[in-house]
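Examination of the molecular architecture
So you can see what is in the structure, the chains are spelled out below.
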Amino acid sequence: MLLHRPARLALLLGLALVAAATWVADGGAKPQPPVIEPPPATPGVGLGARFVQEAAAYQSYMRAASAIAPNFTDARDVGRSLRTGATYEPAQLRRGAVAYAAIAALGDAAFVADVRRAGDTPQARYAIVARIYANPASAMAFADGAGAAGLAKAALATTGMELYNAGDAVAGAAYSIQHQPWSLAPVADPEARAAAVKGLSATPRQAASDDVAAMARRVLGDTSGAPPLQPAPPIYSALVVRAVALAALAAIGQAGDDVSANLSWLTDDYFMDHCVSETKLSLFECLAVAKPNYEDVFCLGQHAMKDTGACVVRAAGAAVPLVITTAPPPRIPPAHIGAHHVVHRRA
C-alpha cells in the first residue's frame, strides 16, 4: 500500500526520533573502554594440614620426652616414662621434623617477603615450583635464605639437644638409683613390656588439637608461645635445605592440602631414617636383655631419649658433645729380665 507524502514524512520522523533516543541512551554511541581484570592475587602463606599436624606431633613428642626426669620412685614410674619415651613412629618423626623446621623457616620475614615478591604472577610461581622440584637448594637463593635455614637448623638442634641432655641424665640415673631396693627387683612381665614398646613405636602420634592450632598460627606468623630462636650458623644439612624449600612453597601458597601428597619427597631423609630406625632397634634389643628395673632406666635414657635426640641434632647438621672417658693407665708390672748369656762364636 502506498503512503501519502505526509504519512511518509511522519514515519521517517518517528524513526529518526527512535534512533536519536537510542543514541542518547547509549551515551552517544561512543565505544566503551575495555574491562581490565585485576591481576590474580598471590595466594596467602599456607601449609597443608598434614604437614601442620605432623609438625605438632613432632613438637609434642620432643616436649613430653624431654620432660622425663631422672628422679624415679618405683618401677611403675619407670614404666610410664618408658612408654612416653618410646611413643613415636620413626617415619612420622622424620616427616614431622622437616615440617617443624619449615615452619621455623617461615619465621624469617625477609625470606618470606622475597619469595612472595618473586612469585607475584602465576607464571612466576610456576617457575619457582619448577626450580625447587629440580633442585631444592634453589630456595636458598632468595633473600636471607641462609637466615631461614639458620632458623630451621636451630629449631631442630634445640629440641634435639633438649632430648639428648634429658636422656643423658636418665641414663646416669640407672647407676645412682641402684641403692633403692625396687631398682634391683626384676622387671615385671618383660614380654608384655617389650610388646607394648614395639606397638607404641609403630603407632603414629596424634597431637592435641591445641598444639595443632598453635602450629597453624605459627605458619601465619603468630609466634606467641613459640620458643625464641637465633639462626644457627652453617653447615646446613640436606634435611634443612628441603625444609627451606618447603617453606618457600608455603610462602607463595603452593604447599596446601591439594598438593601435599606431591611434596612428600621433601620430607625424605636417608640419614635420619637410618639413624632413628637403628635407635629403635637398639632400644628393643636393650629391653630384651634387661633384667632388673634399673636396666630399663638405662635403656630408656640411652636409646629412647639420648640416641633419638642425637639423630635429630645430626640430621640438622649440628653436633652433639664429644664425650671422652679417661681412666688411669693400667699398672703393668715390669717384665722379668733374665741374666744375659754371652755366646762365644768360633771364628
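Residues numbered from 1 in each chain as written. Predicted model: local features only at pLDDT ≥ 70, side-chain atom pairs only at ≥ 80, totals over all residues. Heavy atoms only, no water.

A look at the state of the cysteines
Short version of the rule: Disulfides are defined as cysteine sulfur pairs within 2.5 Å. Numbering of helices and strands runs from the N terminus, with a helix taken as a DSSP run of H or I at least four residues long and a strand as a DSSP run of E at least two residues long. The cut-offs for exposure are 20% and 50% of the maximum accessible area for each residue type, with area from a 1.4 Å probe on protein chains only; residues under the lower value are buried, those over the upper are exposed, and the others partly exposed.
Summed over the entire model, instances satisfying the criterion amount to two disulfides. Put simply, cysteine 275 and cysteine 311 are joined by a disulfide, and their sulfur atoms are 2.0 Å apart. Torsion about the S-S bond of the cysteine 275 and cysteine 311 cystine: about -85 degrees, corresponding to left-handed handedness. Of this pair, cysteine 275 sits in helix H12 (residues 270–289) while cysteine 311 is found in helix H13 (residues 293–315), placing the two residues 36 residues apart along the sequence. Through a disulfide, cysteine 286 is tied to cysteine 299; the S-S separation comes to 1.9 Å. Torsion about the S-S bond of the cysteine 286 and cysteine 299 cystine: about -80 degrees, corresponding to left-handed handedness. Highlighted residues: cysteine 286 in helix H12 and cysteine 299 in helix H13, separated in sequence by 13 residues. Residue cysteine 286 is classed as buried on the basis of its relative accessible area, which comes to 13%. Here cysteine 299 falls in the buried class, since its relative accessible area comes to 1%. In the protein chain, numbering the disulfide-bonded cysteines from first to last in sequence yields the connectivity 1-4, 2-3.

Concerning the packing of aromatic side chains
Inclusion rule: Ring pairs are drawn from Phe, Tyr and Trp, using the six-membered ring of Trp, whenever the two centres fall within 6.5 Å, and their geometry is named by plane angle: stacked under 30 degrees, edge-to-face over 60, tilted for the rest. Criterion for a charge above a ring: Lys NZ or Arg CZ within 6 Å of the ring centre, and within 35 degrees of the ring normal.
One pass over the full model with this rule turns up four aromatic pairs. Centre to centre, the rings of tyrosine 58 and tyrosine 100 are 5.1 Å apart; their planes meet at 45 degrees, and the pair counts as tilted. Taken together, the residues span a long stretch of sequence, with tyrosine 58 in helix H2 (residues 49–66) and tyrosine 100 in helix H4 (residues 90–105) at a distance of 42 residues. In this arrangement the basic side chain of arginine 50 is found over the ring face of phenylalanine 51, its NZ or CZ atom lying 4.9 Å from the centre.

Brief notes about the pattern of salt bridges
Side-chain pairs of opposite charge can arise whenever the charged atoms involved come near each other. For the record, the criterion: One speaks of a salt bridge when a side-chain nitrogen belonging to Lys or Arg is within 4 Å of a carboxyl oxygen belonging to Asp or Glu.
This model, assessed by the stated rule, comprises 10 salt bridges. Residue aspartate 211 is joined to arginine 63 by a salt bridge in which the shortest nitrogen-to-oxygen separation is 2.8 Å. Within this pair, whereas aspartate 211 is found in helix H10 (residues 209–219), its partner arginine 63 is found in helix H2, the two being separated by 148 residues in sequence. A residue is classified by how much of its surface remains accessible, and aspartate 211, at 16% relative accessible area, is buried. The closest approach of N and O atoms between aspartate 77 and arginine 80, which form a salt bridge, is 3.9 Å.

Some words on the packing of helix H7 (residues 145–176) against H13
Relative orientation and spacing of two packed helices are given, respectively, by the angle between their axes and the distance between those axes. The test is simple: Whenever a helix is involved, its axis is fitted only over the stretch in contact; in every case the axis is a line through C-alpha atoms, and angles between N-to-C directions fall within 0 to 180 degrees. Under this scheme an angle from 65 to 115 degrees is roughly perpendicular, one under 35 degrees roughly parallel, and one over 145 degrees roughly antiparallel; angles in between are oblique. Working rule for handedness: look at the near helix, and if it is turned counterclockwise from the far one by less than a right angle, call the crossing left-handed; if clockwise, right-handed. For this classification, Asp, Glu, Lys and Arg are treated as charged, while Ala, Val, Leu, Ile, Met, Phe, Trp, Tyr, Cys and Pro are nonpolar and the rest, including Gly, are polar.
Between H7 and H13, the shortest axis-to-axis distance is 7 Å and the interhelical angle comes to 160 degrees. In terms of orientation, H7 and H13 fall into the roughly antiparallel class. Remark: the crossing between H7 and H13 carries left-handed chirality. Looking at side-chain class alone, the contact of H7 with H13 contains 19 nonpolar, six polar and two charged residues.

Description of the side chain of glutamine 92
Counted only if it meets this: Any two residues whose heavy atoms approach within 4.5 Å at even a single point are treated as in contact.
You can see glutamine 92 is positioned in helix H4. Setting aside its immediate chain neighbours within four residues, glutamine 92 contacts Glu54, Ala57, Pro204 and Arg205.

Here's the deal with the environment of tryptophan 182
Along the chain, the position of tryptophan 182 falls in helix H8 (residues 181–184). Residues tryptophan 182 and asparagine 293, 111 residues apart in the sequence, show an inter-C-alpha distance of 7.4 Å. Setting aside residues no more than four positions away along its own chain, tryptophan 182 makes contact with Phe72, Thr73, Asp74, Ala75, Val78, Ile177 and Asn293.

Notes on the side chain of threonine 279
Along the polypeptide, threonine 279 turns up in helix H12. On the basis of relative accessible area, threonine 279 is assigned to the buried category, the value being 7%. In this structure, threonine 279 is in contact with Tyr88, His303, Asp307, Thr308 and Cys311, ignoring residues within four places of it in sequence.

A short note on the packing of helix H3 (residues 75–86) against H13
Here H3 crosses H13 at 20 degrees, and the two axes come no closer than 10 Å. The angle between H3 and H13 places the two elements in the roughly parallel class. Handedness of the crossing formed by H3 with H13: left-handed. Counting all contacts with H3, which are made through Ala75, Val78, Ser81, Leu82 and Gly85, the residues of H13 involved are Asn293, Asp296, Val297, Leu300 and Ala304. Residues belonging to the contact of H3 with H13 are distributed by class as follows: six nonpolar, three polar and one charged.

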